[in-house]
4 protein chains.
Amino acid sequence: MSAGGFSDRLREEASSIWERIFTHPFLVEMGEARLPLDKFRFYVRQDYAYLMEFARCLGIAAAKAEERETMRTFASLLEASLTVEVEMLEGLAERLGIPPEDLRASEPAPTNVAYTRHLLYVAYSGTVGEIMAAMLPCMWSYQEIGERMGEEAALWRHPIYSEWCSTYRSKEYIDLVDLYRGLVDRFASESGASVRERMRRHFLLSSRYEYLFWDMAYGKETWPV
Amino acid sequence: MSAGGFSDRLREEASSIWERIFTHPFLVEMGEARLPLDKFRFYVRQDYAYLMEFARCLGIAAAKAEERETMRTFASLLEASLTVEVEMLEGLAERLGIPPEDLRASEPAPTNVAYTRHLLYVAYSGTVGEIMAAMLPCMWSYQEIGERMGEEAALWRHPIYSEWCSTYRSKEYIDLVDLYRGLVDRFASESGASVRERMRRHFLLSSRYEYLFWDMAYGKETWPV
Amino acid sequence: MSAGGFSDRLREEASSIWERIFTHPFLVEMGEARLPLDKFRFYVRQDYAYLMEFARCLGIAAAKAEERETMRTFASLLEASLTVEVEMLEGLAERLGIPPEDLRASEPAPTNVAYTRHLLYVAYSGTVGEIMAAMLPCMWSYQEIGERMGEEAALWRHPIYSEWCSTYRSKEYIDLVDLYRGLVDRFASESGASVRERMRRHFLLSSRYEYLFWDMAYGKETWPV
Amino acid sequence: MSAGGFSDRLREEASSIWERIFTHPFLVEMGEARLPLDKFRFYVRQDYAYLMEFARCLGIAAAKAEERETMRTFASLLEASLTVEVEMLEGLAERLGIPPEDLRASEPAPTNVAYTRHLLYVAYSGTVGEIMAAMLPCMWSYQEIGERMGEEAALWRHPIYSEWCSTYRSKEYIDLVDLYRGLVDRFASESGASVRERMRRHFLLSSRYEYLFWDMAYGKETWPV
């Protein structure tokens with residue numbers, strides 16, 4: 001825990017956005033085990049495409065980290081995102097009846113494109129602290145989603161949704177988010193006002209995109225042109 | 001003119017998207033001089049914010065250009081975008097009753113953020129040819145909009161819309177787009193299949209964003225969270 | 001003047017390196033108007049190649065600047081470096097009997113490559129403050145060189161060396177360096193300890209490279225392999 | 001093997017530089033087990049510092065790779081360079097009597113800075129094929145060094161030099177270089193003339209730096225200022 005740190009203040013400022021995430025029909029219906037499977041299928045395919053771009057950001061974060069130890073952290077996260085996390089989604093996809101070639105060919109929906117371009121732009125143009133701040137809402141909000149959703153009794157009777165939720169309730173995942181938040185807090189404390197302000201803006205924008213991502217999946221968003 | 005070049009093929013492939021642009025209510029109503037001014041005000045403020053990010057891309061394009069002459073082209077475009085173009089918008093804003101401080105404080109709407117992050121990501125991660133392909137739909141579609149809209153008699157009775165349209169019908173502007181298309185064609189001809197494919201994808205995505213940008217202005221888009 | 005600012009502290013820390021620059025045979029002999037012309041020719045050709053890469057860094061600095069006004073400053077510097085400064089060197093080259101095509105084909109010597117890659121790496125990976133700190137020794141040391149060299153009576157009897165020196169003694173040049181130092185000081189004051197430390201390291205490394213650049217020209221450096 | 005591929009042509013063009021590498025006193029004396037240990041200690045510390053920057057390039061290559069499989073390759077190389085390779089050097093350092101804190105504090109010598117800035121600049125500004133071409137001489141020349149040096153009987157009586165050499169004679173290492181060359185060849189075949197020309201230039205410059213790196217270690221290079 002990093003009580004009172006920079007990440008806590010960001011979380012506080014974004015609380016109304018996060019509340020909208022937790023109460024989004026996608027997550028509410030998922031917790032109550034009544035989310036239509038086609039919406040979840042859409043989500044899994046989009047998350048698979050998202051993960052590729054998220055992994056790119058981790059590669060750049062590794063390149064920009066100042067210390068050997070931080071580089072190692074990002075290198076492991078990158079390795080994990082391209083193996084463990086990808087396999088988790090591939091496993092889910094299989095049970096959802098999504099053929100592997102369809103999963104791999106998933107085209108990102110508009111919100112997915114917008115979110116990942118935001119992350120990638122921050123990765124290329126910003127400091128490592130800014131990249132981390134931009135990536136934090138994804139990692140952290142999933143932990144809180146796992147926490148809240150796990151309290152719903154109905155969820156645990158759903159073979160797929162319960163498995164998805166378990167991932168983000170695991171000790172490993174919670175430790176990872178804690179480590180990550182610790183890094184964000186340390187970078188913030190070493191940074192000046194202007195970098196901290198950019199970290200704040202990136203965190204808030206990513207929080208908005210987290211909400212929009214669930215909304216995109218719920219509405220199975222397509223390009224209007 | 002660069003008939004039969006790469007840019008012509010991209011334009012051809014994007015023609016259904018571009019047709020949607022030309023027939024969008026924002027532009028139709030503007031040509032008929034009946035677009036509500038508040039929608040145009042929204043557009044001007046968004047375009048002002050967009051121009052800043054477009055200028056950033058030009059700076060990176062200058063940095064990535066291989067030849068001195070191409071660097072100079074981008075450097076002039078950058079200089080022009082931060083002076084001439086900004087002043088054109090500032091002049092329009094003044095006559096529209098938008099105070100300078102409001103214009104400068106314009107916050108980009110969601111579609112504006114998405115579009116510019118796409119451009120900036122391409123600028124940082126791609127080759128100079130990719131950057132140019134991503135920026136081309138903006139420059140080129142405005143030329144065609146100017147051409148078509150200028151045929152509407154009603155337009156020329158509107159003091160503001162006619163001025164806006166004139167900018168993109170000027171000899172200078174048309175020459176600029178021609179020069180620019182020539183560069184895109186040359187880069188494409190020197191590039192391999194994979195770069196050309198990326199140029200194509202960037203052009204199509206930017207074309208979509210051009211449509212979405214007009215739609216954003218027409219609906220005075222705001223963040224849902 | 002920005003007395004007591006961050007740049008002054010950097011200048012103080014680099015003073016022994018800068019002293020080595022001012023007392024380098026290249027500059028001493030130039031001030032005494034007895035530097036062999038072939039060494040100066042070598043320098044002019046290298047500086048021409050250097051300027052291209054320096055200009056690239058200005059393009060990226062423009063792209064990374066946060067405020068419109070700072071973007072404009074970099075855009076003008078970029079434009080100037082590709083026109084005014086290039087023409088100054090082209091004029092010198094002409095009087096030195098270097099054919100334009102030779103000037104343009106100048107291959108950077110090892111130290112020139114090393115210096116410009118350092119600048120470009122900082123430009124791509126760092127914040128705008130870091131880029132400015134890396135570029136400052138070039139701009140600033142030339143002002144001090146102009147100041148000191150101008151005190152040598154012999155110099156003013158040399159048609160070429162006196163002209164070169166005059167450029168860096170002009171009111172415009174001195175104002176430019178002052179403006180530039182003011183930006184560095186402001187960025188430093190807005191930055192945290194880790195960015196300031198990187199700015200310091202970049203400034204010191206660029207100072208070393210300034211010394212090595214004169215040494216490269218004096219010895220007409222070539223690649224050993 | 002990728003006979004007749006692009007990498008073979010680059011290797012051919014660089015052959016006189018590579019010959020200078022193989023016949024450099026550092027490697028000749030090492031093969032004959034008579035290289036003074038202090039020179040090798042210097043090399044190990046420099047290689048340790050180099051590896052950090054090489055790893056950064058791998059992070060960016062992962063970020064720029066187009067296909068999932070290539071991303072994975074770079075992610076594994078990155079992970080390996082920060083664990084296996086670092087540990088190999090740490091083990092060597094220990095037996096050479098270099099305290100871990102000294103190893104970690106190794107300041108890069110001028111040639112090391114120049115070489116890594118070249119790699120990093122290519123990584124940030126270039127395509128993934130260009131990055132690979134720039135990194136190839138390091139990986140590939142070590143394989144050939146291992147091959148040739150291993151033929152010296154004297155080497156195998158030296159406890160440290162033989163171990164170093166074995167690393168680059170292992171089946172794993174040779175397979176890695178083959179895989180890597182295959183990627184370079186594939187990228188080259190998908191690229192146009194201008195990207196291939198840049199790949200060529202990067203490969204030749206890195207080859208030069210490989211020679212200079214051994215020379216730096218042999219002379220225990222320091223900054224002149």
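Residues numbered from 1 in each chain as written. Chains lettered and ligands numbered in written order. Predicted model: local features only at pLDDT ≥ 70, side-chain atom pairs only at ≥ 80, totals over all residues. Heavy atoms only, no water.

**Overview of the overall build of chain A**
A tally of regular secondary structure across chain A gives 12 helices and 0 strands. Reading the secondary structure of chain A in the N-to-C direction produces α-α-α-α-α-α-α-α-α-α-α-α. For 225 residues, the compact-globule estimate of 2.2 N^0.38 gives 17 Å, and chain A sits close to it at 17 Å. Overall size of chain A, expressed as C-alpha extent along the three principal axes, is 45 × 35 × 35 Å. The buried share among the 225 residues of chain A stands at 62%. Restricting to contacts in chain A with at least 6 residues of sequence separation, those with at least 24 account for 81%. Total accessible area on chain A is roughly 8300 Å²; 52% of this is exposed by carbon and sulfur atoms. Counting 26 positive and 35 negative side-chain charges, chain A places the centres of these two groups 3 Å from one another. (Helix = DSSP H or I, 4+ residues; strand = E, 2+ residues; numbered from the N terminus. Rg over C-alpha atoms; globule rule 2.2 N^0.38 Å. Buried < 20%, exposed > 50% of the residue type's maximum accessible area, 1.4 Å probe, protein only. Contact = heavy atoms within 4.5 Å. Areas by Shrake-Rupley, 256 points an atom, 1.4 Å probe, with all protein chains shown as cover. Lys, Arg positive; Asp, Glu negative; His and termini not counted. Charge placed at Lys NZ, Arg CZ, Asp CG, Glu CD.)

**Describing the environment of D:Phe6**
Residue and element names in this part refer to chain D. Inspection of the secondary structure assignment puts Phe6 in helix α1 (residues 6–13). Taking the C-alpha atoms as reference, Phe6 lies 13 Å from Glu130; in sequence the two are 124 residues apart. Those residues within four positions of Phe6 in sequence are excluded, and the remaining contacts are Val184, Asp185, Ala188, Arg196, Met199 and Arg200.

**Overview of the side chain of D:Arg11**
Structurally, D:Arg11 is set in helix α1. Look at D:Arg11 and you get buried, because its relative accessible area is 14%.

**Side note on the relation of the copies chain B and chain D**
Screw-axis analysis of chain B against chain D gives a translation of 0.0 Å along the axis, an RMSD of 0.0 Å, and a rotation angle of 180°. What the rotation and shift describe, once combined, is the action of a two-fold rotation axis. Distance from the rotation axis, computed per C-alpha, reaches its smallest value in chain B at B:Gly192: 1.9 Å. Comparing interface residues between copies, 100% of those in chain B also sit at the interface in chain D, which points to an isologous, same-surface contact. (Least-squares fit on C-alpha atoms with pLDDT ≥ 70 in both.)

**Brief notes about helix α10 (residues 171–190) of chain D**
The end-to-end C-alpha distance of α10(D) is 29 Å, a good match for the 28 Å that 20 residues give at a rise of 1.5 Å each. Close packing links the buried residues of α10(D) with α1, α5 (68–95), α8 (128–149), α9 (159–167) and α11 (193–218) of chain D. (Expected span 1.5 Å × (residues − 1).)

**Considering the interface of chain B and chain D**
With 12 residues of chain B in contact, the opposing surface of chain D contributes 12 residues. The contact between chain B and chain D buries some 880 Å² in all, and 37% of this surface belongs to carbon and sulfur atoms. Where chain B meets chain D, there are 4 salt bridges. In this structure, B:Arg198 and D:Glu66 form a salt bridge, with 2.4 Å as the shortest nitrogen-oxygen distance. Taken together, chain B and chain D are joined by 6 residue pairs in polar contact (both at pLDDT 80 or more). When residues of the side of chain B that touches chain D are traced back to their parent elements, those giving at least two are α7 (110–125) and α11 (193–218) of chain B. In terms of residues, the side of chain B that touches chain D owes the most to one element, α11(B), which gives 4 residues. When the residues that make up the side of chain B that touches chain D are grouped by side-chain class, the tally is 2 nonpolar, 5 polar and 5 charged. (Buried area = accessible area lost by both parts, 1.4 Å probe. Salt bridge = Lys/Arg side-chain N within 4 Å of Asp/Glu carboxyl O. Polar contact = N/O pair within 3.5 Å; in protein donor to acceptor, adjacent residues only side chain to side chain. Nonpolar A, V, L, I, M, F, W, Y, C, P; charged D, E, K, R; others polar.)

**Here we look at the side chain of D:Thr70**
Summarising the element assignment, D:Thr70 is placed in helix α5. Given the relative accessible area of 4%, D:Thr70 is considered buried.

**Some details on the relation of the copies chain A and chain D**
Of the transformation superimposing chain A on chain D, the axial component is 0.0 Å and the angular component is 180°, with the fit at an RMSD of 0.0 Å. Of the residues that chain A buries at the interface, 100% are likewise interface residues in chain D, meaning the two copies contact each other through the same surface.

**Quick notes on the packing of aromatic side chains**
Scanning the model with the defined rule gives 96 aromatic pairs over all chains in all. Summarising the aromatic geometry, the rings of A:Tyr50 and A:Phe213 are spaced 5.5 Å apart at their centres and angled 65° between planes, so their arrangement reads as edge-to-face. A residue pair is termed long-range when its members are at least 10 positions apart, and A:Tyr50 in helix α4 (residues 37–64) and A:Phe213 in helix α12 (residues 193–218) qualify at 163 residues. Of the two residues, A:Tyr50 and A:Phe213, neither departs from the other in class, the shared state being buried. A centroid spacing of 6.0 Å and a plane angle of 15° characterise the contact between D:Trp18 and D:Phe203, whose relative ring orientation is stacked. You can see D:Trp18 sitting in helix α2 (residues 15–22) and its partner D:Phe203 sitting in helix α11, a full 185 residues away along the chain. Assigned by exposure class, D:Trp18 and D:Phe203 land together as buried. Here A:Arg186 stacks its cationic end above the ring of A:Phe187, 5.7 Å away from the centre of that ring. (Phe/Tyr/Trp six-rings, centres within 6.5 Å; stacked < 30°, edge-to-face > 60°. Lys NZ or Arg CZ within 6 Å of the ring centre and 35° of its normal.)

**Details of the interface of chain A and chain D**
The interface of chain A with chain D comprises 22 residues on the first partner and 23 residues on the second. Of the roughly 2200 Å² buried where chain A meets chain D, counting both sides, 60% is carbon and sulfur surface. Where chain A packs against chain D, one counts 0 salt bridges. Inspection of the region where chain A meets chain D yields 6 residue pairs in polar contact (both at pLDDT 80 or more). When contributions to the side of chain A that touches chain D are tallied by element, the ones reaching two or more residues are α4 and α5 (68–82) of chain A.

**Quick notes on the environment of B:Ala75**
With respect to the helices, strands and loops of the structure, B:Ala75 is situated in helix α5 (residues 68–95). A sequence separation of 13 residues divides B:Ala75 from B:Ala62, and the C-alpha atoms of the two residues are 6.0 Å apart. In this structure, B:Ala75 is in contact with B:Ala62, C:Leu78, C:Glu79 and C:Leu82, ignoring residues within four places of it in sequence.

**Some remarks on the pattern of salt bridges**
All names here are of chain A. Overall, the coordinates contain 68 salt bridges over all chains when judged by the stated rule. In this structure, Glu32 engages Arg34 in a salt bridge whose closest nitrogen and oxygen atoms are separated by 2.7 Å. A relative accessible area of 49% places Arg34 in the partly exposed class.

All we've got here are geometric facts, nothing functional implied.
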